[in-house]
Amino acid sequence: MSALDTEAVGLPVGPPVNLSVVIPAFNEELRLGPTLDAVTGYLRDNEDRWGTWEVVVADDGSTDGTGALVTARRDPRIQLVTSPRNRGKGNALRLGVAATRGRRVLVTDADLAAPIEELEQLDKALREGGSAAIGSRSVPGATIEGRQHRIRELLGRAGNLLIRRIAVPGIRDTQCGFKLFDGDRVREAFAASRLNGWGIDVEVLRHFHRADWRIAEVPVRWSHQPGSKVRTLDYARVLTELARLRARTVRPADLFVTLVFLLMSAALYSGRLFDPNHRYLPDSLQDQNQWEWFFAVTAHNLAHLDNPFFSDLQGFPDGLNLMANTVMLGLTVPFAPLTLLAGPAVSLSVCMALGLAATAAAWYRLIVKRVVRHRPAALVGASLAAFAPPMISHANAHPNFVILFMIPLIVERALRLCEGTRVVRDGVVLGLMATYQIFLGEEPLLLAALGMLLFAGAYAVARPDVARTAWRPLLKGLAIAGATCLPLVAYALTWQFAGPQSYKSILHGDNAGNSPLSLLSFAERSLVAGDELRANSLSLNPTEQNAFYGWPLVLVAFAIVVRLWERALVRVLAFTAVGAALLSLGPEIRVPMTDDVYPGPWALLAKMPLFESVIEGRVAMICAPVLGMLLALALERLAATRKIGTQYIGLLGISLALIPLIPAPLKAVERPQTPAFFTDGAWKAYVGRDESLVIVPLPDSGYAEQLHWQVEAGLGFRMPGGYFNGPYGPDRIGIYTASPRYTSNMLRDVRYSGKIPTIGKNWRAQARRDLAFWKAGALVVAPQPNDGALRTAVTELVGHGGKWVDGVWVWDLHKGS
């Protein structure tokens, strides 16, 4: 009998045997004897079945008589390998497997919870072509004769779910200590392993999975044995080892790409990122004020256990339906601690910078998994998908159209459904993903679904053979996804569409589509080709430059499609891009430089529910990831060719197409200082518990600095007006503010024109009614353009002059003031 006293992995000595049995042991003096008797007795009685055999006991630094018990056997077929100190099951198995000579290797725990007779079931599975046959307590046919404690069972099941997700997809029970392996392959797997603890089973099975060596999961008889060495804390250690295992499988190239995306995002937001409380993105118009308010009110509602779907801090007394606005509860809720700690400006800034980088990383992951294996090509494609001109435009103001990391994950999961392998599981996961995306942004999800529909239709035409096998599992999976998602979002959507201050649709004008020229022009923030006047003349505003891919990229994309036309994926991507571009032109398409107008395909969707609220120009954003994938395919082809001339011309063309699209950092300016009246709490003397503070003019989509002042005041007072989506009129059509009243309209006109109408008793009576409706405690006029005319108008309306208090004029409306 041989005994190895080393921590190094030794080489087996002697001729090969048919079967090696490895038993890890640590202080198993009481349980190991019966186990060795059972194993060796079974193998001796069935030598005609198993042939030559050996048993290797791997002693992991035991302090009892475990080693002596083995050496006392005096059987040359029983070996002992030892470690000077206890390092864990993984270390023991690595030593034991390295010492084996078997063509097949059985690994079994010292308690023999699965009887040695179950070896026949594992051997049968291995003979049918597998490389590993693992005993399982979780597949049909398994028999559990003695159960563990209920808590341990629950922890084990939770751990297996995580293991399947992180490391070994499809294996239900990785931790059952009864596994039979092909000898050469298991020795290779253990030699490559690094974990020393209980996670070794997962690491070795992951090695088999990544090598595409077949693993069979076999039902066995199993009975829990007393004296287990697994403690509650060990479950946490396994999670730690899984994290280490996952981290080691990440390619350095992928980490580098992620770092590149983070640096790109930080550079884009560099003007605000490092001092968000005092910097403002002017091209966001009033949206930065609005979004900071959304972050602040979500944190406020959570801290005060208020309804997260509603608030009356704006639009008082009617309030606003937060679920019917793009509050992004999927991010504002988890970012609430940071908002409460550092303020909403910091939260919004960090969220948008990280979200944009995460979106790029998600597109990169999808492109690597589904489009190309060439990682530099995927980097370029994902960069265009996430940092294309329309994304940069929305990066000023719309986190719901910048933070799109769930969209590539949803696309990839839908593609899995088409494969039909795990339809139920993938359908449930897709439903959960859709649920989360609804709380990130419903309009991006709708546009993503439209893009996927274009892609699916084109693919069905290009590859009808694939479509015939994919449509059934796809539809089944989508039904499961819907059944998973709808109950989770039913209450929130009911509140959105039927709750207080809900509305039917948002008006964007008769045609908010793109001009055909905008598809070929350059965006304002293009570093080398930007033209602010032209870009703004072809878009609604700086936050809605939804195309602007530039004519060089359009030409390069056309050349790629022609050159790679034989590939079905290229044809499908081309159809998707062209279809999205045409839809983005709106219900009416005006031929540039003429008065000719023709119906556009969007007219078929414009009046449909949900689509009626979409700014149709945004459909062109679908083109960004599609064009990115076409570029990735072309770059991979160029990398594979040996023709230097072809490579040079191709790379030159792609470079010339992309250089004009490189964005300049977003414009940022110093933020105006908030009047001390709001920051030092002076407002508290003028507003009762059920009253509002009327800041003149009332905030709206054109001027919403008042939202920032309210946030600076800790959201301590309510105010009428606001910048949000709310209903207007008996038809409840959506507008971008509270329902206006005569007094608010008049004061707004004075602010912008400087002209005061003749204010008589009718205007004063109307003002009294409006102020009563708003439950106004005081009116405030801060320094601003035409503030002199505003002060005069307010004085004439309320009948007395205002008072200068901490940087603002205040009209106290309480009796006796």
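Residues numbered from 1 in each chain as written. Predicted model: local features only at pLDDT ≥ 70, side-chain atom pairs only at ≥ 80, totals over all residues. Heavy atoms only, no water.

1. A few points about the overall build of the chain
Okay, so step 1: A tally of helices and strands in the chain yields 31 helices and 22 strands.
Okay, so step 2: Structurally, the chain occupies a C-alpha span of about 115 × 70 × 40 Å along its principal axes.
Okay, so step 3: Going through the 817 residues of the chain one by one, you find that 54% of them count as buried.
Okay, so step 4: Sequence separation of 24 or more characterises 77% of the internal contacts of the chain that already satisfy a separation of 6 or more.
Okay, so step 5: Carbon and sulfur atoms form 60% of the exposed surface of the chain, whose accessible area is close to 36,000 Å².
Okay, so step 6: Of note, the chain has its 83 positive side-chain charges centred 3 Å away from the centre of its 72 negative side-chain charges. (Helix = DSSP H or I, 4+ residues; strand = E, 2+ residues; numbered from the N terminus. Buried < 20%, exposed > 50% of the residue type's maximum accessible area, 1.4 Å probe, protein only. Contact = heavy atoms within 4.5 Å. Areas by Shrake-Rupley, 256 points an atom, 1.4 Å probe, with all protein chains shown as cover. Lys, Arg positive; Asp, Glu negative; His and termini not counted. Charge placed at Lys NZ, Arg CZ, Asp CG, Glu CD.)

2. Here we look at helix α4 (residues 89-98)
Okay, so step 1: Counting buried positions along α4 gives 10 out of 10 residues, so the element sits mostly inside the fold.
Okay, so step 2: Along α4, the positions that sit buried rather than exposed are Lys 89, Gly 90, Asn 91, Ala 92, Leu 93, Arg 94, Leu 95, Gly 96, Val 97 and Ala 98.
Okay, so step 3: The elements touched by buried residues of α4 are β2 (17-25), β3 (53-59), β4 (78-82), β5 (102-108), α7 (183-192) and α8 (200-210).

3. Some words on the side chain of Thr 108
Okay, so step 1: Within the secondary structure, Thr 108 is located in strand β5.
Okay, so step 2: Setting aside residues up to four positions removed in sequence, Thr 108 forms contacts with Val 21, Val 22, Ile 23, Pro 24, Gly 177 and Phe 178.

4. Examining unusual backbone geometry
Okay, so step 1: Across the junction of Phe 316 and Pro 317, the peptide omega takes the value 10 degrees, indicating a cis bond.
Okay, so step 2: Looking at where Pro 317 falls in the secondary structure, it is placed in the loop between β12 (310-311) and β13 (320-321).
Okay, so step 3: In this chain, Val 696 is followed by Pro 697 through a cis amide linkage whose omega measures -5 degrees.
Okay, so step 4: Phi angles above zero are rare outside glycine, and Leu 715 is one such case at about 55 degrees.

5. Things to note about the pairing of strand β9 (residues 215-219)
In summary, the side chains of a regular strand alternate between the two faces of the sheet.
Okay, so step 1: Where burial is concerned, most of β9 is hidden: 4 out of the 5 residues are buried.
Okay, so step 2: With 5 bridges connecting them, strand β6 (residues 132-136) and β9 associate as parallel partners. Residue pairing for β9: Ile 134 is matched across the bridge by Glu 217. (Pairing = 2+ DSSP bridges.)

6. Here's the deal with helix α20 (residues 442-462)
Residues that lie three or four places apart on an α-helix share one face, since the helix turns once every 3.6 residues.
Okay, so step 1: Helix length check: α20 (21 residues) gives 30 Å between terminal C-alpha atoms against 30 Å at 1.5 Å per residue, within 8%.
Okay, so step 2: Within the span of α20, buried status applies to Glu 443, Pro 444, Leu 446, Leu 447, Ala 448, Leu 450, Gly 451, Leu 454 and Ala 458.
Okay, so step 3: The inward-facing, buried residues of α20 contact α18 (406-419), α19 (423-438) and α24 (568-583). (Expected span 1.5 Å × (residues − 1).)

7. Considering a nonpolar patch on the surface
Okay, so step 1: A contiguous nonpolar patch, built from Leu 259, Leu 262, Leu 263 and Leu 354 and spanning about 360 Å² of accessible area, is present on the exposed surface.
Okay, so step 2: When residues in the nonpolar patch are grouped by element, the largest group, 3 residues, is from helix α10 (residues 252-268).
Okay, so step 3: In this structure Leu 259 comes out as partly exposed when scored by relative accessible area, which is 45%. (Patch = residues over 30% accessible without salt bridge, like charges linked within 9 Å, V, L, I, M, F, W, Y side chains within 5 Å. Salt bridge = Lys/Arg side-chain N within 4 Å of Asp/Glu carboxyl O.)

8. With respect to the nonpolar core
Okay, so step 1: By size, the foremost hydrophobic cluster in this structure holds 148 residues, and its most contacted members are Tyr 269, Trp 293, Phe 677, Phe 678 and Leu 693.
Okay, so step 2: A per-element tally of this core places helix α15 (residues 344-370) first, with 13 residues.
Okay, so step 3: Leave out the neighbours within four places in its chain, and Phe 677 touches Ala 682, Trp 683, Tyr 686, Leu 693, Val 780, Val 805, Asp 806, Val 808 and Val 810.
Okay, so step 4: In terms of nonpolar packing, the next biggest core, distinct from the first, is built from 34 residues, Leu 19, Val 21, Ile 23 and Leu 112 among them. (Core = buried A, V, L, I, M, F, W, Y, C linked by side-chain atoms within 4.5 Å.)

9. Here we look at the packing of aromatic side chains
Okay, so step 1: Taken as a whole and judged by the stated rule, the model has 18 aromatic pairs.
Okay, so step 2: Aromatic pair Trp 804 and Trp 809: ring centres 5.4 Å apart, planes at 65 degrees, arrangement edge-to-face.
Okay, so step 3: Through a chain of ring-to-ring contacts, the aromatic side chains of Phe 677, Phe 678, Trp 683, Tyr 686, Trp 709 and Phe 717 assemble into a single cluster.
Okay, so step 4: Between Arg 741 and the ring centre of Phe 773, over which it is positioned, the NZ or CZ distance is 4.1 Å.
Okay, so step 5: Between Arg 751 and the ring centre of Tyr 703, over which it is positioned, the NZ or CZ distance is 4.2 Å. (Phe/Tyr/Trp six-rings, centres within 6.5 Å; stacked < 30°, edge-to-face > 60°. Lys NZ or Arg CZ within 6 Å of the ring centre and 35° of its normal.)

10. Side note on the environment of Glu 28
Okay, so step 1: With respect to the element layout, Glu 28 can be found in the loop between β2 and α1 (29-45).
Okay, so step 2: Along the sequence, Glu 28 and Asp 700 sit 672 residues apart, while their C-alpha atoms lie 75 Å from each other.

11. Comments concerning the environment of Ala 342
Okay, so step 1: With respect to the helices and strands, Ala 342 occurs in helix α14 (residues 336-342).
Okay, so step 2: For the pair formed by Ala 342 and His 708, sequence separation is 366 residues and the distance between their alpha carbons is 15 Å.

12. Comments concerning the sheet that holds strand β22 (residues 808-812)
Okay, so step 1: Read from one edge to the other, the open sheet built from 4 strands follows the order β17-β20-β22-β21, with strand pairing classed as mixed. In this open sheet, the two edge strands, each paired with only one partner strand, are β17 (692-696) and β21 (803-805). For this sheet, the mean inter-axis angle between neighbouring strands, taken without regard to orientation, is 35 degrees.
Okay, so step 2: Pairing analysis gives 4 bridges linking strand β20 (residues 776-781) to β22, with the strands arranged antiparallel. Note on β22: the bridge partner recorded for Val 781 is Trp 809. (Axes fitted to C-alpha atoms, helices over the stretch in contact; angles between N-to-C directions.)

13. Re the packing of helix α23 (residues 551-563) against helix α25 (residues 623-640)
Okay, so step 1: The geometry of α23 relative to α25 is characterised by a closest axis approach of 10 Å and an angle of 60 degrees between their N-to-C directions. Judged on the interaxial angle alone, α25 and α23 are oblique. Crossing angle aside, the handedness with which α23 passes α25 is left-handed. Facing α23, whose interface residues are Leu 553, Val 556, Ala 557, Ile 560, Val 561 and Arg 563, α25 presents Leu 627, Leu 630, Leu 631, Ala 634 and Arg 637.
Okay, so step 2: In terms of residue class, the contact of α23 with α25 is made up of 9 nonpolar, no polar and 2 charged. (Parallel < 35°, antiparallel > 145°, perpendicular 65-115°, else oblique. Left-handed = near helix turned anticlockwise from the far one by under 90°. Nonpolar A, V, L, I, M, F, W, Y, C, P; charged D, E, K, R; others polar.)

14. Examining the packing of α23 against helix α26 (residues 644-658)
Okay, so step 1: For the pair α23 and α26, interaxial distance at closest approach is 7 Å and the crossing angle is 145 degrees. The handedness of the crossing between α23 and α26 is left-handed. When α23 is examined against α26, the residues Pro 552, Leu 553 and Val 556 are found in contact with a partner set consisting of Gly 653, Ile 654, Leu 656, Ala 657 and Leu 658.
Okay, so step 2: When grouped by side-chain class, the residues that make up the contact of α23 with α26 number 7 nonpolar, 1 polar and no charged.

15. Observations regarding the state of the cysteines
Okay, so step 1: Tallying each qualifying case throughout the model produces 0 disulfides.
Okay, so step 2: Here Cys 418 is not disulfide-linked; the sulfur of Cys 485 is the nearest cysteine sulfur, at 19 Å.
Okay, so step 3: Look at Cys 418 and you get partly exposed, because its relative accessible area is 26%. (Disulfide = S-S within 2.5 Å.)

16. Structural notes on the pattern of salt bridges
Okay, so step 1: For the coordinates displayed, the defined rule picks out 33 salt bridges.
Okay, so step 2: Arg 671 is the salt-bridge partner of Glu 292, the closest N and O atoms lying 2.9 Å from each other. Residue Glu 292 is located in helix α12 (residues 287-303), and its partner Arg 671 is located in the loop between β16 (669-670) and α27 (676-679); the two are separated by 379 residues in the primary sequence. Residues Glu 292 and Arg 671 agree in their burial class; the two are buried.
Okay, so step 3: In this structure, Asp 312 engages Arg 718 in a salt bridge whose closest nitrogen and oxygen atoms are separated by 3.1 Å. A residue pair is termed long-range when its members are at least 10 positions apart, and Asp 312 in the loop between β12 and β13 and Arg 718 in the loop between α28 (705-712) and β18 (726-728) qualify at 406 residues.

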